[in-house]
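# Structural features, examined
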Amino acid sequence: MTPEDLLVEADRCVKCGLCLTVCPTYRLLASEADSPRGRISLIQALAKNEIDLHSHVEQHLDRCLNCRACESACPSGVKYGSLLDASRSAITTEHRKKPLLKRLLRQLSHAQKLNFWIRLYHITRRTGLLALAKILPFSRLRQLLTMADQLPVNPADRTGFYASKIPTGKKVQLFTGCIGSKLDDNLIKSAIHILTSLGYAVDIPSDSQCCGALHRHNGFIEEAEQQCDAIRKQTTKSGAQKLITLATACHLELVEQQASRLPLASISDFLLQLADKEMPELAPLPIKAALHRPCSSRDNSDWQILNKIPQLELVELAENELCCGAAGSYILTQPELSNQLGELKLSHLKTSGAKILITTNTGCAMQFRQQIKQAGLAIEVCHPIELIYQQWNRAATNPATR
Ligand code: SF4
Ligand code: SF4
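Looking now at the overall build of the chain. The helix and strand inventory of the chain stands at 21 helices and 9 strands. Radius of gyration (C-alpha) of the chain: 21 Å, near the 21 Å computed for a compact globule of 402 residues. If you line up the chain on its principal axes, its C-alpha atoms span 70 × 50 × 45 Å. When contacts within the chain are restricted to residue pairs at least 6 apart in sequence, those whose partners lie at least 24 apart make up 75%.

Given below as structure tokens:
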């Protein structure tokens, strides 16, 4: 978006304020500058050089989760997400802001570099140094280390080609993401098993890429574009029929940036489109599960696919329209606000009485796991496809459970 386009888009905001009540940061801070309308005014003033980029202005923009709840509520159709991305990009480029975050994202979004940091993290943890670091008065460092606790000691490498268990000639490419490829191993294994059993060969390229969302939403557009270009090249040469995504934030980014040359489908959507006769029987699961809907996906396919599990009591998590506070790197950059939103979600989860929390996004799952662990609760967090595979497996290994 050029500076002129940015101003044209921002001018479409008529300052009606209808977006204020849906904005999580306005709800927490009750300040106009932390509302969508207030931030649009700041973006306009910055673009017209009416104000300088002093720390307060930057803080109000940084506090935005980019959850885009305001976009859905806006009767004028203001593209708030694009405005914020363009404004953050202008700030990081012109003022060379956030060099540390830029470096951190570069490490996190590169599989080999991430492996190195995970190994180093776990070695350092054994020395007790990390426990010491966690008591230092640096909330962002503390949050980073706390979140890193969720990373596996030996991250599996699932890249490669998986032949179909039925010879059909069909092939899909699986998009596993950057952090997701290390953190969501059970999900990736479940997806591979389901797809190959249904007659699809699965390809996870060895040079798998990050979708670039973390970079784009922090203002590092150039890096984000590089990631998208690499995915375009990869999907052009893949020879697969579809690109299947697991995490909704990656899916949204790939759609919005037209980063795939293959038709895209989330794994829940893909499975729903198969004829019922192609799906095997699932064992009943008489348990209550709460479905969290990430900001990056409000569609109903996860609900529908979960409804295929007999006896599963599925409920909506209260206030599902409110961001959980993970919001990409927000969980690291704004730990206090992120925690407040996470605690609110946890209180709804406790009230629901659910034993399983289901979400389709890696960051949201990390947020819930962290909150659940801190509260000492025994609630499992999983992706719908992990649950589908679990019940498929149970039905297959113990037919009496069908
Ligand atoms: S962003 Fe939309 S809803 Fe919010 S104040 Fe502007 S016009 Fe109104
Ligand atoms: S994107 Fe979310 S946090 Fe940011 S202004 Fe809109 S509603 Fe508020």
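On to the site of ligand 1, then. Taken together, the neighbourhood of ligand 1 is formed by 15 residues, with C13, C16, C19, R37 and C74 sitting nearest. Counting residues per element, the ones that place at least two in the shell around ligand 1 are α3 (36–47) and α5 (69–73). The dominant element in the shell around ligand 1, judged by the number of residues it contributes, is α3, at 3 residues.

Counting 99 residues, the largest nonpolar core has L83, A191, A290, C323, L357, I358 and I388 as its most contacted members. Shared between two domains, this core holds at least three residues of each, these being domain 1 (3–94) and domain 2 (279–401).

Glancing now at the pairing of strand β2 (residues 170–175). In this structure, β2 lies alongside strand β3 (residues 200–204), joined through 4 bridges in parallel fashion. Counted as the bridge partner of Q173 is D203 from β3. As judged from the 4 bridges shared by β2 and strand β4 (residues 242–245), these two strands associate in the parallel manner. In the strand pairing of β4, V172 is matched with K242.

What describes two packed helices is the angle between their axes and the distance between those same axes. Contact geometry of α3 with helix α4 (residues 55–62) gives a least axis separation of 10 Å together with a crossing angle of 135 degrees. Considering the angle they form, α3 stands oblique to α4. Seen along the crossing, α3 lies across α4 with a hand that is left-handed. Along the contact surface, α3 presents G38, R39, L42 and L46, while α4 presents V57, H60 and L61. Among the residues forming the contact of α3 with α4, the class breakdown is 4 nonpolar, 2 polar and 1 charged.

Taken domain by domain, the chain holds domain 1 (3–94) and domain 2 (279–401). Of note, the centres of domain 1 and domain 2, computed from C-alpha atoms alone, are 30 Å apart. On the side of domain 2, 11 residues touch domain 1, which itself brings 11 residues to the contact. A per-element tally of the side of domain 1 that touches domain 2 places helix α2 (residues 24–29) first, with 3 residues.

It is worth spelling out the site of ligand 2 at this point. The full set close to ligand 2 counts 14 residues, and C23, P36, C64, C67 and C70 are the nearest of them. If you list the elements that add at least two residues to the shell around ligand 2, you get α2, α3 and α5.

Read from one edge of the open sheet, 5 strands run β1-β3-β2-β4-β5, paired in mixed fashion. A strand with exactly one partner marks an edge of an open sheet, and here the two such strands are β1 (160–162) and β5 (264–266). Neighbouring strand axes in the sheet, compared pairwise and without regard to direction, differ in orientation by 30 degrees on average.

On to the sheet that holds strand β7 (residues 313–316), then. The strand order β7-β6-β8-β9 describes an open sheet built from 4 strands, whose pairing is parallel. For this open sheet the edge positions go to β7 and β9 (380–382), each flanked by a neighbour on one side alone. The mean inter-strand angle of the sheet, taken between neighbouring strand axes irrespective of direction, is 25 degrees. Note: strand β8 (residues 356–358) against β9, 3 bridges, orientation parallel. Bridge pairing in β9 links L357 to V381.

Rules behind the numbers
- Residues numbered from 1 in each chain as written.
- Chains lettered and ligands numbered in written order.
- Predicted model: local features only at pLDDT ≥ 70, side-chain atom pairs only at ≥ 80, totals over all residues.
- Helix = DSSP H or I, 4+ residues; strand = E, 2+ residues; numbered from the N terminus.
- Rg over C-alpha atoms; globule rule 2.2 N^0.38 Å.
- Contact = placed C-beta atoms within 7 Å.
- Near = placed C-beta within 6 Å.
- Core = buried A, V, L, I, M, F, W, Y, C linked by C-beta atoms within 7 Å.
- Buried ≥ 20, exposed ≤ 12 C-beta atoms within 10 Å, placed from the backbone.
- Domains from an automatic or database assignment.
- Pairing = 2+ DSSP bridges.
- Axes fitted to C-alpha atoms, helices over the stretch in contact; angles between N-to-C directions.
- Parallel < 35°, antiparallel > 145°, perpendicular 65-115°, else oblique.
- Left-handed = near helix turned anticlockwise from the far one by under 90°.
- Nonpolar A, V, L, I, M, F, W, Y, C, P; charged D, E, K, R; others polar.

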